[in-house]
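# Structure at a glance
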Amino acid sequence: MRFTVEHPVGQAECAAGLYGPEGLAEFARAAEEAGFDAVAFTEHPAPSLKWLRAGGHASLDPLAALAFCAAATSRIRLLTYLLVLPYRNPLLAAKTIATVDLLSGGRLTLGVGGGYLRSEFAALGADFEARGALLDESLDVLRAVWSGESFGFDGRGFTARDQVSVPAPVQLPHPPVWIGGNGRNARRRAARAAQGWSPLLIDERFAATTRTAALSTPDDLAAAVADLRELTEAQGRDPAALDVQVQSSESNVLVDGGSLEEHRSQLKDLAEAGATWFVVRVPAGGLPETKDALRRYGREIIGELR
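Residues numbered from 1 in each chain as written. Predicted model: local features only at pLDDT ≥ 70, side-chain atom pairs only at ≥ 80, totals over all residues. Heavy atoms only, no water.

Take the sheet that holds strand β10 (residues 277-281) next. As summarised here, the arrangement of the 8 strands in space is β1-β2-β3-β4-β7-β8-β9-β10, forming a closed barrel in which the pairing is parallel. For this sheet, the mean inter-axis angle between neighbouring strands, taken without regard to orientation, is 25 degrees. Judged from the 3 bridges that link them, strand β4 (residues 108-113) and strand β7 (residues 177-180) form a sheet pairing that is parallel. Each residue of the ladder has a partner; that of L110, found in β7, is V177. Helix α12 (residues 287-302) contacts β1 (2-6) and β10 of the sheet and is inclined by roughly 165 degrees relative to β1. (Pairing = 2+ DSSP bridges. Helix = DSSP H or I, 4+ residues; strand = E, 2+ residues; numbered from the N terminus. Axes fitted to C-alpha atoms, helices over the stretch in contact; angles between N-to-C directions. Contact = heavy atoms within 4.5 Å.)

Written out as structure tokens, the structure reads:
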């Protein structure tokens, strides 16, 4: 099992010092020193006030924040969790992604998804109803434009004629792509050409909010991973090469003050179900508290499992 720490800017009472320049750099270095394998940021570039008041959250631009973390660290991977590709022109996305991968020395992993906030799509001028098709189109464009040859494509709202994207990413043919979402369409996308799948273990209520399928238990996860492996084999690809990153209620063990002994048992169940990565959330009251939590998890969980 490998471990991703999600930056706590999305938590309701996140201390401002954690996402200022000094605090963000210290957070990234502390995560790296504690043994975490990746640091992650999500995105909501234009959330509505209604959504925020109903329990939504703040965010930084994930690629900009990860570029900043890259400059403060040397080993830890940088994960967009998740980058909503339908929000943006895929050629602009390709340029920013390639830049972050280059400046980080090839440490970027792209967690991507189709998005779910209708109001945010409207604010950004993106087609909510076509979000699945836009996600597929963006993935195809990213792979093609990084192939090293000039690129032509008639897309939804753009036309490319012999465009190029240089310099290329360090990781070739491209940075790893993990598909977010619980449904079978997400697994199909991962099986077709991605390097990982990133589901959430959530109940029916939360699944409805995020417009995805419910996966509630390790047994549910195991069945979904088995399906992913079948879909991948049908594409002539090796299912063992795909990562599966999971977030669940156990991700909040440090925030909620749960038992780390019980947490180890839950991680074992998730690993047996097919998870290869796990997302950890940390307290957001201030930098000292957050760094203490990172060190504790690194010592009592990551260190014990390696």
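The rest of the description comes next.
Moving on, we come to the state of the cysteines. Counting across every chain of the model gives 0 disulfides. Sulfur of C14: no disulfide; nearest cysteine sulfur belongs to C69 and is 13 Å away. (Disulfide = S-S within 2.5 Å.)

As a further point, take the side chain of R189. Within the secondary structure layout, R189 lies in helix α7 (residues 184-193). Contacts of R189, omitting those with residues within four sequence positions, involve G132, L135, D136, I179 and A194.

In this section: the packing of α7 against helix α9 (residues 218-234). Geometry of a packed helix pair, given as the angle between the helix axes and the separation of the axes. At a minimum axis separation of 9 Å, α7 and α9 run at an interaxial angle of 40 degrees. By the angle between their directions, the pair α7 and α9 is classed as oblique. The handedness of the crossing between α7 and α9 comes out as right-handed. Two secondary-structure elements touch here, α7 through R184, R187, R188, A190 and A191 and α9 through A224, D227, L228, L231 and T232. Class assignment for the residues of the contact of α7 with α9 results in 5 nonpolar, 1 polar and 4 charged. (Parallel < 35°, antiparallel > 145°, perpendicular 65-115°, else oblique. Left-handed = near helix turned anticlockwise from the far one by under 90°. Nonpolar A, V, L, I, M, F, W, Y, C, P; charged D, E, K, R; others polar.)

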